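Secondary and tertiary structure notes
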Amino acid sequence: MKMKSFVLVLCILFSGVFSKNALKRNEPEKNQKSNPLIWLILQQNEQLHALRARLVKLRDIAHESQKDMISLKRDMVALKSRFGNFAIDRNDKSLDEISSKVIAVANKRRIDYLTTKLEKFDNRKLEKQIKKQVLSQMESFNSNRGNSGGGDTYVRWGRSTCPSKKGTKLVYSGHAGGGWYNHPGAPAEPVCLPTDPNFLQKSGSNNAFIYGMEYESDTLGTKAIDNDVPCSVCHVQLGTTIMIPGKTTCNKGWTLEYAGNLAAGAVSHPAPSTYVCIDLNPEYIHHGSANYNGKLLYDVVGQCGSLPCPPYHEAYPLTCAVCSK
């Protein structure tokens, strides 16, 4: 009876452990189809599942041990019926105790072995492998779906192309435009106008206007004055983008999209303006050097006072950097 109780308790314990683990494994499976990353992480846990399988095998060994004990007891009953009860009862009890000890020692050795293997298992290494493969899978997933959804966009002012780097693609190129420099009600924000516009009407109210953009400083490029400004809209497949004034490099963990010179409208002009980052190697629109004015860009210089000097300097033109992460 002691042996039966021992085996029964052992089976119940193992069944409880594996039932609990099975329930935990089933929870993320509900969302497995909706999130391919969960599926990938589950695949990486196969090593842990292999160890659990060994524990299942140990439970099977306990069942086999129980069958052996039942067989031994049947043999003892046969001996009693044939030779009588001469000290058989005592030997039967001794046999139960010896068998129980043998099984307990064997099971303990197996459990100690598996425990040692689990203690030596490097979870941090597995986490690094999972993270590396998840990032690789995300990059592949975003690369396959092209420019549809996710990521971020930015305008590269002064260039008709996007940087030649992995993960950045051209959405469209065009002409930089905005409000007239001398109109008080002109919009502050410039826009990148596509080269193939669509029109629905042939007349309007003539109250709001848009003009091309011109360089008004050679600091922004060699013989740049009066040249028209090109632009390109670029898509970054992963993460987000920022423009950092006063820098030509990005912070740690960020990737440089392009570096440039900070530009804005003149303080003497009534029209509001905003800061934009003009590429360090600007292009000029072909046949766009006539002085038509429009949205005008000047280099931005530091003015000491509320602006701390150093690190800034009086009348030094400011740089800029567009970074992605």
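Our subject is the structure that appears above.
A brief structural summary. Values in this document were obtained by computation on a predicted structure and should not be read as measured data. (Residues numbered from 1 in each chain as written. Predicted model: local features only at pLDDT ≥ 70, side-chain atom pairs only at ≥ 80, totals over all residues. Heavy atoms only, no water.)

**Section: the state of the cysteines**
Operational definition: Cysteine sulfur atoms are paired as a disulfide whenever they fall within 2.5 Å. Helix and strand assignments come from DSSP, with helices taken as H or I runs of at least 4 residues and strands as E runs of at least 2, each series counted from the N terminus. For each residue, the accessible area found with a 1.4 Å probe, counting protein chains only, is set against the maximum for its type, and the residue is called buried under 20%, exposed over 50%, and partly exposed in between.
Considering all chains together, one arrives at 5 disulfides under this definition. Two residues share a disulfide in this structure: Cys162 and Cys234, whose sulfurs sit 2.0 Å from each other. With the S-S bond torsion at -100 degrees, the cross-link from Cys162 to Cys234 turns out left-handed. Taken together, the residues Cys162 in the loop between strand E1 (152–157) and strand E2 (168–178) and Cys234 in strand E5 (residues 230–236) connect sequence positions 72 residues apart. The same class applies to Cys162 and to Cys234, which are both buried. Each bonded cysteine in the chain gets a number by its place in the sequence, and the pairs come out as 1-4, 2-3, 5-10, 6-9, 7-8.

**Digging into empty space enclosed by the protein**
Convention followed: Whether a set of points on the 1 Å grid over the protein atoms alone is a cavity depends on a 1.4 Å probe fitting there but being unable to get out, while an open set qualifies as a pocket with protein on both sides within 12 Å along at least five of seven lines; lining residues are those with an atom within 4 Å of a point. Grid points are joined across faces, edges and corners, and a volume is the space filled by probe spheres set on the points. Classification used: nonpolar for Ala, Val, Leu, Ile, Met, Phe, Trp, Tyr, Cys and Pro, charged for Asp, Glu, Lys and Arg, polar for all others including Gly.
A complete count under the given rule lists 2 cavities of 30 Å³ or more for this structure. Roughly 60 Å³ of volume is contained in the largest cavity. Tyr181, Gly265, Ala266, His269, Ala271, Pro272, Ser273, Lys295, Leu296 and Tyr298 are the residues that line the largest cavity. Of the residues in the lining of the largest cavity, the class split is 6 nonpolar, 3 polar and 1 charged.

**Quick look at the layout of surface pockets**
Computed from the structure, the largest pocket encloses a volume of approximately 360 Å³. Its residues assigned to classes, the lining of the largest pocket shows 10 nonpolar, 5 polar and 1 charged.

**Describing the packing of aromatic side chains**
What counts here: Each pair of aromatic rings taken from Phe, Tyr and Trp, with Trp reduced to its six-membered ring, is defined by centres within 6.5 Å and is described as stacked if the planes are under 30 degrees apart, edge-to-face if over 60, and tilted in the remaining cases.
In total, this model carries 5 aromatic pairs according to the counting rule given. Considering the side-chain rings of Phe209 and Tyr211, the 6.4 Å spacing of their centres and the 45 degrees angle between planes classify their relative orientation as tilted. Classification of Phe209 by relative accessible area gives partly exposed; the value is 41%. An aromatic cluster of three or more residues is present, and its members are Trp180, Tyr181, Phe209 and Tyr211.

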